Amino acid sequence: MDSVFLKKNGFTKDDALCMYIPNSYDFYWNSTANNFRDRMLDEYHKFWSKKRLSKAKTLNLNHKEVIVLASIVHKEAFSSDELSVIAGVYLNRLSRNMKLQADPTVIYSIKRVSKNYDTLIKRLYYKDLRIKSKYNTYVNKGLPPGPIGMPDILSVDAVLNPEEHKYLYFVVDPYNMGYHNFSKTLKEHNKKKKSYIKWLRRNKIYR
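Since this is a predicted model, take the numbers as computed values, not measurements.

Cut-off values and rules
- Residues numbered from 1 in each chain as written.
- Predicted model: local features only at pLDDT ≥ 70, side-chain atom pairs only at ≥ 80, totals over all residues.
- Heavy atoms only, no water.
- Helix = DSSP H or I, 4+ residues; strand = E, 2+ residues; numbered from the N terminus.
- Rg over C-alpha atoms; globule rule 2.2 N^0.38 Å.
- Buried < 20%, exposed > 50% of the residue type's maximum accessible area, 1.4 Å probe, protein only.
- Contact = heavy atoms within 4.5 Å.
- Areas by Shrake-Rupley, 256 points an atom, 1.4 Å probe, with all protein chains shown as cover.
- Lys, Arg positive; Asp, Glu negative; His and termini not counted.
- Charge placed at Lys NZ, Arg CZ, Asp CG, Glu CD.
- Expected span 1.5 Å × (residues − 1).
- 1 Å grid on protein atoms, 1.4 Å probe; cavity = no way out; pocket = protein on both sides within 12 Å on 5 of 7 lines; lining within 4 Å.
- Points joined across faces, edges and corners; volume = space filled by probe spheres on them.
- Nonpolar A, V, L, I, M, F, W, Y, C, P; charged D, E, K, R; others polar.
- Polar contact = N/O pair within 3.5 Å; in protein donor to acceptor, adjacent residues only side chain to side chain.
- Core = buried A, V, L, I, M, F, W, Y, C linked by side-chain atoms within 4.5 Å.

Along its length, the chain carries eight helices and two strands. Moving toward the C terminus, one meets the helices and strands of the chain in the order α-α-α-α-α-α-α-β-β-α. What you see for the chain is a C-alpha radius of gyration of 18 Å, in line with the 17 Å of a compact globule of 207 residues. Along the three orthogonal principal directions, the C-alpha set of the chain runs to about 55 × 35 × 30 Å. By the burial criterion, 42% of the 207 residues in the chain qualify as buried. Taking as baseline every contact in the chain between residues at least 6 positions apart, the subset at least 24 positions apart corresponds to 62%. On the chain, roughly 12400 Å² of surface is accessible, and the fraction owed to carbon and sulfur atoms is 51%. Computed over 38 positive and 20 negative side-chain charges, the separation of the two mean positions in the chain equals 9 Å.

Quick look at helix 5 (residues 83–95) now. Side chains of residues three or four places apart in an α-helix project in the same direction, reflecting 3.6 residues per turn. Taking 1.5 Å of rise per residue, the 13 residues of helix 5 would be expected to cover 18 Å, and the 18 Å separating its terminal C-alpha atoms lies within 8% of that figure. Across the 13 residues of helix 5, 10 count as buried, placing the element largely inside the fold. If you check which residues of helix 5 are buried, you get Leu 83, Val 85, Ile 86, Ala 87, Gly 88, Val 89, Tyr 90, Leu 91, Asn 92 and Arg 93. Backbone geometry just downstream of helix 5 places Asn 97 in the positive-phi region, at approximately 60 degrees.

So, about the layout of surface pockets. Space inside the largest pocket adds up to approximately 1400 Å³. Together, 43 residues line the largest pocket, and Glu 76, Asp 103, Leu 124, Val 172 and Tyr 196 are the ones closest to its centre. Mapped onto the lining of the largest pocket, the elements with two or more residues apiece are helix 4 (63–76), helix 5, helix 6 (103–114), strand 1 (169–172) and helix 8 (186–202). Of the residues in the lining of the largest pocket, the class split is 29 nonpolar, five polar and nine charged. Considered as a void within the structure, the second largest pocket measures approximately 270 Å³ in volume. The element best represented in the lining of the second largest pocket is helix 5, accounting for five residues. The residue makeup of the lining of the second largest pocket, split by class, is six nonpolar, six polar and two charged.

Quick look at the environment of Lys 134 now. You can see Lys 134 is positioned in the loop between helix 6 and helix 7 (153–160). Note on Lys 134: relative accessible area 44%, which makes it partly exposed. With sequence-adjacent residues up to four places away left out, Lys 134 is seen in contact with Asp 14, Arg 112, Asn 140, Pro 144 and Pro 145. Only 3.0 Å separates the side chain of Lys 134 from the side chain of Asp 14, close enough to count as a polar contact.

A few words now on the environment of Glu 164. By secondary structure assignment, the location of Glu 164 is in the loop between helix 7 and strand 1. Sequence separation of Glu 164 and Val 66 is 98 residues, and the distance between their C-alpha atoms is 17 Å.

What follows is about the nonpolar core. Core analysis: the biggest nonpolar cluster contains 41 residues, and Met 19, Tyr 44, Trp 48, Val 66, Val 73, Tyr 90 and Val 159 have the highest contact counts within it. If sequence neighbours within four positions are ignored, Tyr 44 has contacts with Phe 11, Cys 18, Met 19, Ile 21, His 63, Lys 64 and Ile 67.

Quick look at the structure:
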């Protein structure tokens, strides 16, 4: 995207994807790339109403940070009814100055470093968590410099309306596919994680 356009409108190459709000839009058949870009910017400003901006401020996030976090939540949640719960976990971590340690950011980092975004990654290993990338939240504290994907509106609103709880950890529930097991303490989480790893090995799930 045009660097002049990005700078003029407060975006960088890293966070340019924040400008695009997934929805259904009508365009004329002869619309140009610039027509599309300008329309997306208009829709972006419409989307960020005073109400949404106020909610973001309450969370101590700006609107771009909300989308970055929503892109992680979107990748983590298999079921839409867990979106606000997962959002709450990450917001709890941010408020405690903990690393997000979000697996989707590692997957994105692997693809970004290898420049192969079509790679199918079924499982992460401890060595993967150390990959050097500004998007890897196991290495860096806080949010990545930009979204790792394009979150849907449900995910954005889940971040803006998180479930209030004390969970700090979660892992896939292998016996209730599509859902996660949530924990308040690391000790509790490690027990559930151990059970999940056993399930992976028993079912021979590798990358």
